[in-house]
Amino acid sequence: MKTVLYPGSFDPFTNGHMDLVTRAGQLFDRVIVAVAVNSGKNPMFTLEERRQLIAESCSHLAHVEVVAFEGLLVEAMALYGANAVLRGLRAFSDFEYELQMALMNRNLMPQCETIFMMPTLKNSFVSSSLVKEVARLEGDFDRYVPEPVAKAVRARLAEQRAK
Ligand code: PNS
């Protein structure tokens, strides 16, 4: 059984992330989407909210499990028996950070392999931060995220505006 761990902040989960989860299902038996705390960022959604939104968005995909994790990625890998880490590469600018992370993870755990996949061109410019910016500025963002995420973003922005 081949298992890949797909870690990220997923604040929020986008169609680009969904694209990767779907593609990974063609290579791996199990895809575990691992939502990270990522304390350096100020997220729109809590860890549990992000986990639930991904689970709802991927409920039609039998090979997908969604978990939240704190601490080191390599520890989460060992905990879930993952053979590899999956990360998306959209543009060349992603590469330096991704290379550094992949090499650090391999240094921490020599058997840690990182697999990079590219989303389809249609999703290659989609990022969580741009989706949030477009949504905050009242642009049409629905086409970039799964339906449960679009609803939740709208609700969160309405809550924030009502404060
Ligand atoms: O979606 P992001 O914010 O680019 O994801 C970054 C993430 C969560 C994959 C990375 O910050 C991470 O792996 N965090 C867990 C802590 C850890 O293991 N840090 C060392 C990695 S080199």
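See above for the structure.
One structure accompanies this document, and this report is about it.

Conventions adopted
- Residues numbered from 1 in each chain as written.
- Predicted model: local features only at pLDDT ≥ 70, side-chain atom pairs only at ≥ 80, totals over all residues.
- Heavy atoms only, no water.
- Helix = DSSP H or I, 4+ residues; strand = E, 2+ residues; numbered from the N terminus.
- Rg over C-alpha atoms; globule rule 2.2 N^0.38 Å.
- Buried < 20%, exposed > 50% of the residue type's maximum accessible area, 1.4 Å probe, protein only.
- Contact = heavy atoms within 4.5 Å.
- Areas by Shrake-Rupley, 256 points an atom, 1.4 Å probe, with all protein chains shown as cover.
- Right-handed = clockwise from strand over helix to strand, strands pointing away.
- Pairing = 2+ DSSP bridges.
- Arc of directions from axis to C-beta.

Some points on the overall build of the protein
- Secondary structure assignment for the protein yields six helices and five strands.
- The linear arrangement of helices and strands in the protein, starting from the amino end, is β-α-β-α-β-α-β-α-β-α-α.
- Its C-alpha radius of gyration of 16 Å places the protein within 12% of the 15 Å reference for a compact globule of 163 residues.
- Taking the principal axes of its C-alpha atoms as reference, the protein extends roughly 50 × 30 × 30 Å.
- Counting the 163 residues in the protein, one finds 48% classified as buried.
- Pairs at least 24 residues apart make up 74% of the contacts formed inside the protein by residues separated by at least 6 positions.
- Summed over its atoms, the accessible surface of the protein is roughly 9200 Å², and 55% of this surface lies on carbon and sulfur atoms.

Some details on the pairing of strand 1 (residues 3-8)
- In terms of residue burial, strand 1 counts as a mostly covered element, since six of its six residues are buried.
- Burial of the side chains of strand 1 extends over both faces: Thr3, Leu5 and Pro7 are buried on one face and Val4, Tyr6 and Gly8 on the other.
- Considered for its hand, the β-α-β crossover made up of strand 1, helix 1 (residues 15-24) and strand 2 (residues 30-36) is right-handed.
- Alignment of strand 1 against strand 4 (residues 84-88), held across two bridges, turns out to be parallel. Bridging from a neighbouring strand, Leu5 pairs with Val85 of strand 4.

Quick notes on helix 5 (residues 128-136)
- Where helix 5 is concerned, the buried positions are Ser128, Val131, Lys132 and Ala135. Seen from one end, helix 5 has its buried residues packed into an arc of 100°, which puts them on one side.
- Of the surrounding secondary structure, the elements contacted by the buried residues of helix 5 are helix 1 and helix 6 (147-162).
- Residue Glu138 follows helix 5 closely and has a positive phi angle near 65°.

Some words on the pairing of strand 4
- Most of strand 4 sits out of view: four of its five residues are buried.
- As paired elements, strand 4 and strand 5 (residues 113-117) share five bridges and run parallel to each other. Bridged to Val85 within strand 5 is Thr114.
- Note on the crossover from strand 4 through helix 4 (residues 95-108) to strand 5: the handedness is right-handed.

Looking at unusual backbone geometry
- Cis rather than trans, the peptide bond between Asp11 and Pro12 has omega equal to 5°.
- Within the secondary structure layout, Pro12 lies in the loop between strand 1 and helix 1.
- Located in the positive-phi region is Phe10, a residue other than glycine, with phi close to 50°.
- Following the sequence through the fold, Phe10 ends up in the loop between strand 1 and helix 1.
- By relative accessible area, Phe10 is classed as buried at 3%.
- Of note in this structure, Glu138 is not a glycine but carries a positive phi near 65°.
- For Glu138, a relative accessible area of 62% translates into the label exposed.

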